[in-house]
Amino acid sequence: MSQTKLSDHALSILTFAAYHSLVSGEVVTRVVLDDGKGHKADSAGVEELEQAGLLEAEGDRGTLTEAGSQHLGKVLDAIRQGA
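Residues numbered from 1 in each chain as written. Predicted model: local features only at pLDDT ≥ 70, side-chain atom pairs only at ≥ 80, totals over all residues. Heavy atoms only, no water.

A.B. asks: Any details on the pattern of salt bridges? Residues and values, ideally.
C.D. replies: Going through the model one piece at a time under the given rule, you end up with 1 salt bridge. A salt bridge links Glu 58 to Arg 30; the nearest nitrogen and oxygen atoms lie 3.0 Å apart. With Glu 58 in strand 2 (residues 55-58) and Arg 30 in strand 1 (residues 30-32), this pair connects stretches of sequence that are 28 residues apart. Glu 58 gets classed as partly exposed once you look at its relative accessible area, which sits at 41%. For Arg 30, a relative accessible area of 41% translates into the label partly exposed. (Salt bridge = Lys/Arg side-chain N within 4 Å of Asp/Glu carboxyl O. Helix = DSSP H or I, 4+ residues; strand = E, 2+ residues; numbered from the N terminus. Buried < 20%, exposed > 50% of the residue type's maximum accessible area, 1.4 Å probe, protein only.)

A.B. asks: Outline helix 2 (residues 43-51), listing residues and values.
C.D. replies: Every buried residue belonging to helix 2 is among Gly 45, Val 46 and Leu 49, and all of these are buried. All buried residues of helix 2 project into a common sector of 100° when viewed along the axis, lining one side. Turned more than 90 degrees away from the buried face of helix 2 sit Ser 43 and Gln 51, all of them exposed. In the core, the buried residues of helix 2 are packed alongside helix 1 (8-24) and strand 2. (Arc of directions from axis to C-beta. Contact = heavy atoms within 4.5 Å.)

Here is the structure:
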């Protein structure tokens, strides 16, 4: 897993995944990169997550790698600890 701190662009994608995880109570493994209705993930963030080995982009969707899922878990932990 990448030890480099992620930019806000990359964190915005993980944060959106965290939101969906919190709302649904389910583990999120795929993210919408472009829903065709106005929601579009930040392209610099997508590229950064791909380069860090955290996301595999596939058209309008992306799949979190195992390392990406672990990173998402850390985001969720940080949210819960900060509340």
